[in-house]
Amino acid sequence: MITVSNLGMQFGGQWLFQHVDLQFLPGNCYGIIGANGAGKSTFLRILTGELDSTNGSVTIDPTKRVSVLKQNQNAYDDYTVMDTVIMGNAHLYEVMKEKDAIYEKPDFTDEDGLRAADLEAESDASRLLQGLGIGTELHYEQMASVDPRLKVKILLAQALFGNPDIVMLDEPTNNLDIEAINWLEDFLLDFPGMVIAVSHDRHFLNTVCTHTVDIDYGKIKMYVGNYDFWYESSQMVQAMLRNKNKRNQEKIEELQLFIQRFSANKAKAKQ
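Here's a quick rundown of the structure. (Residues numbered from 1 in each chain as written. Predicted model: local features only at pLDDT ≥ 70, side-chain atom pairs only at ≥ 80, totals over all residues. Heavy atoms only, no water.)

1. Quick look at the sheet that holds strand β2 (residues 14-24)
Inference 1: Sheet architecture is open: 3 strands sit in the order β2-β1-β4, paired in antiparallel fashion. Where the open sheet ends on each side, the last strands, each with one partner, are β2 and β4 (55-60). Recorded for the sheet is a direction-independent mean angle of 20 degrees between the axes of neighbouring strands. (Pairing = 2+ DSSP bridges. Helix = DSSP H or I, 4+ residues; strand = E, 2+ residues; numbered from the N terminus. Axes fitted to C-alpha atoms, helices over the stretch in contact; angles between N-to-C directions.)

2. Quick notes on helix α1 (residues 40-48)
Inference 1: Taken together, the buried positions of α1 are occupied by Lys40, Thr42, Phe43, Leu44, Ile46 and Leu47.
Inference 2: Two residues or fewer past α1, glycine 49 is found with a positive phi of approximately 90 degrees. (Buried < 20%, exposed > 50% of the residue type's maximum accessible area, 1.4 Å probe, protein only.)

3. Brief notes about the pairing of strand β9 (residues 219-224)
Along a regular strand, successive side chains alternate from one face of the sheet to the other.
Inference 1: As defined by bridge partners, strand β8 (residues 211-216) adjoins β9 across 6 bridges and the pair is classed as antiparallel. Across the sheet, residue valine 213 finds its bridge partner in β9, namely methionine 222.
Inference 2: Counting the residues in the hairpin turn of β8 and β9 gives 2 residues, including tyrosine 217, whose phi is positive at 55 degrees.

4. What about the sheet that holds β9?
Inference 1: Ordered by their spatial adjacency, 6 strands build an open sheet running β5-β6-β7-β3-β8-β9, and the pairing between neighbours is mixed. Since the sheet does not close on itself, it has two edges, and those belong to β5 (66-68) and β9, each with one partner. Averaged over neighbouring strand pairs, the angle between their axes works out to 15 degrees when direction is ignored.
Inference 2: Two strands pair when backbone bridges link them, and β5 and strand β6 (residues 166-170) are joined in this way by 3 bridges, in the parallel orientation. Paired with valine 68 across the two strands is methionine 168, which belongs to β6.
Inference 3: Contacts from α1 reach β3 (29-33), β5, β6, β7 (194-198), β8 and β9 within the one sheet, and its direction differs from that of β6 by about 150 degrees. (Contact = heavy atoms within 4.5 Å.)

5. Quick notes on unusual backbone geometry
Inference 1: Unlike most non-glycine residues, asparagine 175 shows phi in positive territory, near 65 degrees.
Inference 2: By secondary structure assignment, the location of asparagine 175 is in the loop between β6 and α6 (178-190).
Inference 3: Positive phi values are uncommon outside glycine, yet tyrosine 217 reaches one of about 55 degrees.
Inference 4: Position of tyrosine 217 relative to the elements: it lies in the loop between β8 and β9.
Inference 5: Look at tyrosine 217 and you get exposed, because its relative accessible area is 77%.

6. Side note on the pattern of salt bridges
Inference 1: Under the criterion given, the structure shown has 6 salt bridges.
Inference 2: Across the salt bridge formed by arginine 127 and aspartate 124, the nearest N and O atoms sit 2.2 Å from each other. Here aspartate 124 and arginine 127 lie together in helix α4 (residues 111-131), a separation of 3 residues that amounts to about one turn.
Inference 3: Residue aspartate 124 is classed as partly exposed on the basis of its relative accessible area of 25%. (Salt bridge = Lys/Arg side-chain N within 4 Å of Asp/Glu carboxyl O.)

7. Observations regarding the nonpolar core
Inference 1: With 42 residues, the main nonpolar core has Ile86, Ile154, Leu156, Leu169 and Leu188 as its most contacted residues.
Inference 2: The contact partners of leucine 188, leaving out residues within four places of it in the chain, are Leu160, Leu169, Val195, Phe204 and Val208.
Inference 3: Counting 26 residues, the second largest nonpolar core, distinct from the first, contains Val20, Phe43, Met168 and Ile196. (Core = buried A, V, L, I, M, F, W, Y, C linked by side-chain atoms within 4.5 Å.)

8. Section: the environment of threonine 210
Inference 1: One can find threonine 210 in the loop between α7 (202-208) and β8.
Inference 2: On the basis of relative accessible area, threonine 210 is assigned to the partly exposed category, the value being 32%.
Inference 3: The residues touching threonine 210, leaving out its near neighbours within four places in the chain, are Asn28, Cys29, Val224 and Gly225.

Next comes the structure, spelled out in structure tokens:
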């Protein structure tokens, strides 16, 4: 669904990462990890198309709908909570807003079907909101009047609404209570599409991720498995490298001692 080819990003003459070649496949959940400043959010913004890379390319199947967790909490202050969620599927939202004009057409005969789709969309949005702990009494309130702590949940519901093929989430568990996090984990475990999420939440990554994308030392590598599997694997690799280096050092010292002992001996000097 997503192919990353020879991707590189440079800031101020320094490479944040380069030579990145990855494939993201349907049905998987990818957790993006790395230290602060490693480039996690930058990489995600490149995948969403919000940011241009220095070189390389990102190709997304054009037949797939991509949904992104928005970060600007005030962008929808002029809309109701319900409208904000349904705007997660722009086409469906436009259809709903045009329905009154369509009703006026004398040759239109599918009003009942359109109304049913309208009601189904609101019902789906309501289930998402309630799952995240936002009661029905707020569903038709203006976003401008909503507590900022709830806006995070509303924008998350927007990203999940309308059965997208690909969902991209930047720190989705930030400012969520434990009940909302548990609900989100259950939702993503049942979600049939692809998920790409930047997160520092180890429990969340362990619960939902099938793959781990590690950004470190200017490189981006993908591993099969959740956070703990990646961590245990990386520790094993580091231990093997340390042992290899230790053996190499022992071999160097052995050879240096051999040279010191026999370099003056004509019979051994050739060795």
